[in-house]
Amino acid sequence: MIKYGGKMNRIYKAHINELSGQVQTVREHSEQTAALCGEFAIPVLRDFMRALGVLHDAGKLQDSFQRRIDGENIRVEHSVCGAQIAQRQYPGAMGLMMEYCIAGHHSGIPDGGFANDTPDMSTLCARLKRDMEDYSAYRTELPMIQPDMRQFAQFLMQDCDRDVERLVDKFAFMTRYAFSCLTDADSLDTASFCTGSSLEGVLKTDFSACLEKADARLKSFVCRTRLQRSRAFLQRQVFDKTGEDAEIYLMNMPTGSGKTLCSVKFALERAIRKGRKRIIYIIPYNSIIDQTAEVFGELFGADAQILRHQSTFSYEDGADESEDYRNALKSAAENWDAPFIITTAVQFFESVYANKRGKLRKLHNMADSILIFDEAHLMPQDYLQPCLRSISYITRYLNSEAVFLTATMPDFQELMKQYALPDSRMIQLITDTAVFKEFQKCQYIYTGKMTAEALLEKGAACPSSLFIVNSRATARILYQKCSGKKYHLSTYMTSYDRKSVIAEIRQELIRLETDFPDGTGVPQERRITIISTSLIEAGVDLDVHTVFRELAGLDSILQAGGRCNREGKREQAQVYIFELEDGTTNPAMDERGGIVRGMLQRYPDISCQESIAEYYQRLFFLKKEDISKHTITQECKDIASIPFKTYAESFELISSRTVSVVVARDERSRELVKSLRYTGTGAARQLQLYTASVYQWELDDLIRQHVVEDYGTGIYCLTNPDYYHGDTGILFEAEDYWI
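Please read these numbers as outputs of a predicted model, since none were measured by experiment. (Residues numbered from 1 in each chain as written. Predicted model: local features only at pLDDT ≥ 70, side-chain atom pairs only at ≥ 80, totals over all residues. Heavy atoms only, no water.)

Novice: Whenever I open this one, the overall build of the protein confuses me. Can you help?
Specialist: Assigned secondary structure in the protein consists of 29 helices and 23 strands. Its C-alpha atoms give the protein a radius of gyration of 28 Å, within 12% of the compact-globule value 27 Å for 739 residues. The dimensions of the protein, computed from C-alpha atoms along their principal axes, are 95 × 70 × 50 Å. Each of the 739 residues in the protein was classed as buried or not, and the buried ones make up 56%. (Helix = DSSP H or I, 4+ residues; strand = E, 2+ residues; numbered from the N terminus. Rg over C-alpha atoms; globule rule 2.2 N^0.38 Å. Buried < 20%, exposed > 50% of the residue type's maximum accessible area, 1.4 Å probe, protein only.)

This is the structure we're talking about:
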């Protein structure tokens, strides 16, 4: 027994350390969680977060929970109790936000539901009606905190302009933010007590040392040619504005102007100047992260311990690192407690709009950050409003700044005004664009419809040619039709094979330029043909003689042009835009391609700034319904009925989800698959290097043919090697049939 306030009280247990037998009481856990919650919170919500932390585990004061923690095999619901207290103790929006967070702090934020929901349903309204056991001991066990309700209401109403939709959307965001603070605090305190150690803050980055290295790299570049001087001129415009405060910075820089290095120097300058805790570099595709991480790793060395958060990276792979360090990396990936993070746009936005603690736990660590959105124009059109709104909230309310980085900049100032906070403070970092023409190193020529044979014949006349098409099926067909020194790249291939092919292509292109510097007299057997999907357009630095790009969006076409005459060594280079006579169709690509098709008739140079502006004007500003159709307020106009769970489950930035199939390609991968098969366990992240991507219906086809098996683990492995070819990847019928 222990005493509080002079009275004899029962010991209410929250956790028991299995190794030491030590008990953490409900009061201790609640107070420590509340303290962490307050530390994580923005100042205006600090008392609110502490009150939230105090109440979250009030249900553990039920007698049945105490019997369960003492070993009785019973299921006990405890999350509802704290929500019921919040409903009574804190009326209005403040109490409602607490109710959502506390009721869902284990299972995820529930849908709000409606007044007539019955207790057996899973909505918040339903759960609050449930009859719980006596938990009245909270009155003596838990120190009740009374936040300033007026201050809370004023904060909530800020920027809403009496608009119900804005209020609902902001309330939903701040609820997810509060949930993030609560669940991370709860998780960290529980882990600290139960393991006796904390992995918090293990990863370190010295921003000042990193900035010195970035400066040294920039100073090492010579400025002899017009192109080099133009590059330095653009970068200087950016660096001259590091002292100007804004919420969102627009960095519009052409391909080849050093955007990546420029953006990270700007972010480091701002982080040091404003005392930000972290830099988060957000990239559109998994395939680009490897290259970006290698660039930063080589540049910063030991001064930056970079957290890579992507589905294809394994923290178990670092055999030279200690187990504690690898555990720290895995822990940081859950809550982003790291100073330098590289992640994907899918991870970022799907975390912001999640309802489960596993994903949403990291949201509060997006505060006090510099967010760099690489290839910002690739934010999905159908989810553009939710994406822009979340950025405006993080920068306005969570003390962060965002940098939009792209070579083809939409009018984000107008887009933010229409679809997010209309008065977001924004700065154009590049105001003098006169030198952009120096980076236009190729001519874009529309060929119209062509047969595959005619297209390949045209490419065969070039020393090196790159064909980029819109589908993996088309890539495979073209590859099979062409002859000579040829290469194929698509996500039907494993990352293991793609890396090998890209390395070989680079070597062959270097050899070709060394032997034939002027590009003439190249014998047929030395000419190089590369067939690829769009994966090559960003993050794969190749420099080929001629590019052929299937009709697509203007951004894709200009990205493809970035692989042509990349170093500007030739006066004239061509990018041919074609349509295949028997090509497959894709509705989204057809819409973008249709816009470009019309523009090709009007613009002699489709890469000019006027052309880019018109393209995005037609794509974004004439499609208002598409842009706003996936906001949470489309289904809800009342903060008591927000469909958090339903919305999170439907929030998918990638409409056609792919699934991974493991293909053993070397001895290491064969051992990993063997472990999976015989033990039912395996390092899923380590296997990512050996996975190829297929659509669900393609996986179903492989299952019907009995050539894949998951061994009861959910990780599908290819069991018949005849269904994979190193050059083209996954096959859907074996190359050879034996009768």
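Novice: When you look at the nonpolar core in this model, what are you seeing that I'm missing?
Specialist: Nonpolar side chains tend toward joint burial in soluble globular proteins. Among the nonpolar cores identified, the biggest contains 164 residues, and Phe373 and Phe404 are the most heavily contacted of them. Ranked by residues supplied to this core, first place goes to helix H9 (residues 164-195) with 12 residues. Phenylalanine 373 has contacts with Ile282, Phe348, Phe349, Met379, Ile391, Ala402, Val403, Phe404 and Leu405, leaving out every residue within four places of it along the chain. By size, the runner-up hydrophobic cluster in this structure holds 44 residues, among which are Leu227, Ile342, Leu429 and Ala538. (Core = buried A, V, L, I, M, F, W, Y, C linked by side-chain atoms within 4.5 Å. Contact = heavy atoms within 4.5 Å.)

Novice: I tried to follow the sheet that holds strand E20 (residues 708-709) on my own but got confused; where do I start?
Specialist: The strands that make up a sheet pair up through hydrogen bonds in the backbone, lying either parallel or antiparallel. With mixed pairing, the four strands of this open sheet are ordered in space as E19-E18-E21-E20. Whereas interior strands pair on both sides, the edge strands pair on one side only; in this sheet they are strand E19 (691-695) and E20. Pairing analysis gives two bridges linking E20 to strand E21 (residues 716-718), with the strands arranged antiparallel. Each residue of the ladder has a partner; that of glutamate 709, found in E21, is cysteine 717. (Pairing = 2+ DSSP bridges.)

Novice: Would you explain the packing of helix H2 (residues 46-55) against H9 in this entry?
Specialist: It is the contact of H2 with H9, at a shortest axis distance of 10 Å, that shows an interaxial angle of 55°. The orientation of H2 with respect to H9, classified from their angle, is oblique. Remark: the crossing between H2 and H9 carries right-handed chirality. Residues Phe48, Met49, Leu52 and Gly53 of H2 form the contact with H9, whose participating residues are Tyr177, Ala178, Cys181 and Leu182. Split by residue class, the contact of H2 with H9 holds seven nonpolar, one polar and no charged. (Axes fitted to C-alpha atoms, helices over the stretch in contact; angles between N-to-C directions. Parallel < 35°, antiparallel > 145°, perpendicular 65-115°, else oblique. Left-handed = near helix turned anticlockwise from the far one by under 90°. Nonpolar A, V, L, I, M, F, W, Y, C, P; charged D, E, K, R; others polar.)

Novice: Looking at this structure, I do not really get the sheet that holds strand E17 (residues 574-580). What am I missing?
Specialist: Strand order in the open sheet made by the six strands is E12-E17-E16-E13-E15-E14, with parallel pairing throughout. In this open sheet, the two edge strands, each paired with only one partner strand, are strand E12 (443-450) and strand E14 (485-489). Across the sheet, the axes of successive neighbouring strands diverge by a mean angle of 20°, strand direction being ignored. Note: strand E13 (residues 464-468) against strand E15 (residues 528-532), five bridges, orientation parallel. Considered in E15, the bridge of serine 464 is made with isoleucine 528. With respect to the sheet, helix H21 (residues 495-515) is in contact with E13, E14 and E15, its orientation differing from that of E14 by roughly 145°.

Novice: What is the right way to read the pairing of strand E9 (residues 369-374) from this model?
Specialist: In summary, the side chains of a regular strand alternate between the two faces of the sheet. The buried fraction of E9 amounts to six of the six residues, a majority that puts the element mostly inside the structure. Here five bridges tie E9 to strand E10 (residues 401-406), and the two strands are oriented parallel to one another. What sits directly across from isoleucine 370, in E10, is glutamate 401. Tracing the backbone out of E9, into helix H17 (residues 384-397) and back to the parallel element E10 gives a crossover that is right-handed. (Right-handed = clockwise from strand over helix to strand, strands pointing away.)

Novice: Can you walk me through the environment of isoleucine 145 in this structure?
Specialist: Within the fold, isoleucine 145 resides in the loop between helix H7 (138-141) and helix H8 (149-157). Excluding residues within four positions of it along the chain, isoleucine 145 makes contact with Asp47, Arg50, Ala51, Val54 and Tyr90.

Novice: Is there a simple way to explain the side chain of histidine 29 in this structure?
Specialist: Mapped onto the fold, histidine 29 is located in helix H1 (residues 26-40). At a separation of 2.8 Å, a polar atom in the side chain of histidine 29 contacts the side chain of aspartate 186. Here histidine 29 is in contact with Ala14, His15, Gln24, His56, Asp57, Asp186, Asp189 and Thr190, once residues within four sequence places are set aside. (Polar contact = N/O pair within 3.5 Å; in protein donor to acceptor, adjacent residues only side chain to side chain.)

Novice: Just checking my understanding: could you explain unusual backbone geometry for this structure?
Specialist: One can expect most non-glycine residues to show negative phi and most peptide bonds to be in trans. The phi torsion at aspartate 161 lies on the positive side, around 50°, for a residue other than glycine. Of note, aspartate 161 is situated in the loop between H8 and H9. A relative accessible area of 59% places aspartate 161 in the exposed class. For glutamate 375, which is not glycine, the phi torsion reads 50° and is therefore positive.

Novice: Just checking my understanding: could you explain the packing of aromatic side chains for this structure?
Specialist: Any two aromatic rings considered together are summarised by their centre-to-centre distance and by the angle between their planes. The tally for this structure, following the rule as stated, stands at 28 aromatic pairs. Measuring from ring centre to ring centre gives 5.1 Å for tyrosine 615 and tyrosine 616, while their planes differ by 70°; the resulting arrangement is edge-to-face. Residue tyrosine 615 shares its accessibility class with tyrosine 616, and that shared class is buried. One aromatic cluster is present, built from ring pairs that chain together Trp336, Phe348, Phe349, Phe373, Phe404 and Phe412. Just above the ring of tyrosine 576 sits the side chain of lysine 458; from NZ or CZ to the centre is 4.5 Å. (Phe/Tyr/Trp six-rings, centres within 6.5 Å; stacked < 30°, edge-to-face > 60°. Lys NZ or Arg CZ within 6 Å of the ring centre and 35° of its normal.)

Novice: Just to check I follow, could you spell out the pattern of salt bridges for this structure?
Specialist: Opposite charge on two side chains lets them pair, provided their charged atoms get close. One pass over the structure, following the stated rule, counts 43 salt bridges. In this structure, lysine 213 engages aspartate 303 in a salt bridge whose closest nitrogen and oxygen atoms are separated by 2.8 Å. In this pair, lysine 213 is assigned in helix H10 (residues 207-220) and aspartate 303 in the loop between helix H13 (286-300) and strand E7 (307-309), connecting sequence segments 90 residues apart. A salt bridge links glutamate 247 to arginine 425; its shortest N-O distance comes to 3.1 Å. Of this pair, glutamate 247 sits in the loop between helix H11 (226-239) and strand E5 (248-252) while arginine 425 is found in the loop between helix H18 (412-419) and strand E11 (426-428), placing the two residues 178 residues apart along the sequence. Take glutamate 247: its relative accessible area is 1%, and that puts it in the buried class. Residues joined by salt bridges that share partners form a network here, namely Asp159, Glu247, Arg396, Asp423 and Arg425. (Salt bridge = Lys/Arg side-chain N within 4 Å of Asp/Glu carboxyl O.)

Novice: Sorry if this is basic, but what is going on with helix H15 (residues 345-352) here?
Specialist: In an α-helix there are 3.6 residues to a turn, and that puts residues three or four apart on one side. The buried fraction of H15 is high, at eight of eight residues. For H15, the complete set of buried residues consists of Ala345, Val346, Gln347, Phe348, Phe349, Glu350, Ser351 and Val352.

Novice: Would you take a moment to explain the pairing of E17 for this structure?
Specialist: Counting buried residues along E17, seven of its seven residues qualify, which places the element largely inside the surrounding structure. Residue alternation in E17 divides its side chains into two sets, Gln574, Tyr576, Phe578 and Leu580 and Val575, Ile577 and Glu579, and both sets are buried. Of the pairings in the sheet, the one linking E12 to E17 comprises seven bridges and is parallel in character. In the strand pairing of E17, isoleucine 445 is matched with tyrosine 576. Bridging between strand E16 (residues 546-550) and E17 involves four bridges; their strand directions are parallel.

Novice: What exactly am I supposed to notice about the environment of leucine 455 here?
Specialist: Relative to the helices and strands, leucine 455 is located in helix H19 (residues 452-460). When the C-alpha positions of leucine 455 and leucine 466 are compared, they lie 11 Å apart, and in sequence the two are 11 residues distant. If we skip the residues at most four places from it in the chain, leucine 455 touches Met450, Phe467, Phe548, Phe578 and Leu580.

Novice: Where do I start with helix H27 (residues 667-679) in this structure?
Specialist: In this model, H27 (13 residues) spans 18 Å end to end at C-alpha, consistent with the 18 Å of a helix rising 1.5 Å per residue. Of all the residues in H27, the buried ones are Ser669, Leu672, Val673 and Leu676. Projection of H27 onto a plane perpendicular to its axis shows the buried side chains occupying an angular sector of 95°, all on one side. Away from its buried face, by an angle of more than 90 degrees, H27 presents the exposed residues Tyr678 and Thr679. (Expected span 1.5 Å × (residues − 1). Arc of directions from axis to C-beta.)

No statement about biological role is implied by the geometric values presented.
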